[in-house]
Amino acid sequence: MYDQMQGQFDMEEVENVRIGYSVNKDNEVVNFDPSWFIKYGGDWYPFDAAVEEEEE
């Protein structure tokens, strides 16, 4: 993951990286899916979303 981040981001702007959970609700079932989160430029993003935002 570090290699992916290094190619996509200014590493001096990456403040923190953590494992967290994305919550998905389907009818009466709630799923917690583990995923990486990155604090970049003062805001937290799921890692995939942060990559998409950086590409824009």
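See above for the structure.
This structure is a prediction, so every number in the text was calculated from the model and none was measured.

S.K.: Is there a simple way to think about unusual backbone geometry in this case?
M.R.: Of note in this structure, Asn27 is not a glycine but carries a positive phi near 60 degrees. Along the chain, the position of Asn27 falls in the loop between strand S1 (14-26) and strand S2 (29-40). On the accessibility criterion, Asn27 (65% relative accessible area) is exposed.

S.K.: I tried to follow the sheet that holds strand S3 (residues 43-46) on my own but got confused; where do I start?
M.R.: Strand pairing in a sheet relies on backbone hydrogen bonds, with the paired strands running either antiparallel or parallel. With respect to topology, 3 strands assemble into an open sheet ordered S1-S2-S3, the strand pairing being antiparallel. Each having just a single partner strand, S1 and S3 make up the two edges of the open sheet. Strand after strand, the sheet turns through a mean of 35 degrees between neighbouring axes, direction not considered. Alignment of S2 against S3, held across 4 bridges, turns out to be antiparallel. Looking at S3, one finds that Tyr40 is bridged to Asp43.

S.K.: Would you take a moment to explain the pairing of S1 for this structure?
M.R.: In summary, the side chains of a regular strand alternate between the two faces of the sheet. One ladder, built from 12 bridges, connects S1 with S2; its direction is antiparallel. Its bridge partner lying in S2, Gly20 is registered against Ser35. Between S1 and S2, which pair antiparallel one after the other, the connecting turn spans 2 residues, and Asn27 there sits at a positive phi close to 60 degrees.

S.K.: Can you walk me through the pattern of salt bridges in this structure?
M.R.: Side chains that differ in charge, positive against negative, can pair when their charged atoms come close. Scanning the entire structure with this criterion turns up 1 salt bridge. With a closest N to O distance of 3.8 Å, Lys39 and Glu15 form a salt bridge. Linking Lys39 in strand S2 with Glu15 in strand S1, this pair joins segments that are 24 residues apart in sequence. A relative accessible area of 24% places Lys39 in the partly exposed class. Relative accessible area serves as the criterion here: at 47%, Glu15 is assigned to the partly exposed category.

How each quantity is defined
Residues numbered from 1 in each chain as written. Predicted model: local features only at pLDDT ≥ 70, side-chain atom pairs only at ≥ 80, totals over all residues. Heavy atoms only, no water. Helix = DSSP H or I, 4+ residues; strand = E, 2+ residues; numbered from the N terminus. Buried < 20%, exposed > 50% of the residue type's maximum accessible area, 1.4 Å probe, protein only. Pairing = 2+ DSSP bridges. Axes fitted to C-alpha atoms, helices over the stretch in contact; angles between N-to-C directions. Salt bridge = Lys/Arg side-chain N within 4 Å of Asp/Glu carboxyl O.

By themselves these figures say nothing about function.
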